[in-house]
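The primary structure of each chain is shown beneath.
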Amino acid sequence: TLYPSIDFCEHPESICTSVHGELRWTTAFFEWSERVQRYKKLSTLSSDGWNFEDQLAKFVDDGMVDSGDDNSFFNSLSRILSRGCHVSGCSEYG
């Protein structure tokens, strides 16, 4: 193991408080790849299917201009990371 002195199960906050600063970046890259890049969902709150690759291609094809509205590319990405779904008002917990 790379960090034998850290017990992540007993001290998960070690990711942020460790002297190993790269842990935050490693965790962030993992979260990004697991939550966003693999995200494909048909929402029960809207009729749209949303998947990262299609939405990224659309964003690039549209000139990489984000509308800034509630359903914008960046707002959807933020919701996926923080709530587990892309639609405004959604929650993975409710």
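Residues numbered from 1 in each chain as written. Predicted model: local features only at pLDDT ≥ 70, side-chain atom pairs only at ≥ 80, totals over all residues. Heavy atoms only, no water.

Participant: Hey, could you go over the overall build of the protein chain for me, with residue numbers and the actual values?
Facilitator: The helix and strand inventory of the protein chain stands at 4 helices and 2 strands. Element order for the protein chain, N to C, with α for helix and β for strand: α-α-β-β-α-α. Within the protein chain, the proportion of its 94 residues that are buried is 24%. A fraction of 32% describes how many contacts in the protein chain between residues 6 or more apart in sequence connect residues 24 or more apart. By element, 55% of the accessible surface of the protein chain is carried by carbon and sulfur atoms, the whole surface being about 6900 Å². (Helix = DSSP H or I, 4+ residues; strand = E, 2+ residues; numbered from the N terminus. Buried < 20%, exposed > 50% of the residue type's maximum accessible area, 1.4 Å probe, protein only. Contact = heavy atoms within 4.5 Å. Areas by Shrake-Rupley, 256 points an atom, 1.4 Å probe, with all protein chains shown as cover.)

Participant: Quick rundown of the pattern of salt bridges? Include the residues and the values.
Facilitator: Pairing is possible between side chains of opposite charge, provided their charged atoms come close. Throughout the structure, instances matching the rule amount to 3 salt bridges. Of the charged contacts in the structure, one is a salt bridge between Asp62 and Lys58, with a shortest N-O distance of 3.0 Å. (Salt bridge = Lys/Arg side-chain N within 4 Å of Asp/Glu carboxyl O.)

Participant: Quick rundown of the confidence of the model for the protein chain? Include the residues and the values.
Facilitator: With 88% of its residues at a pLDDT of 70 or more, the protein chain has an overall mean of 82. Ranking the elements of the protein chain by mean pLDDT puts strand S1 (residues 40–42) last, at 72, and helix H3 (residues 52–61) first, at 89. (pLDDT = per-residue confidence, 0-100.)

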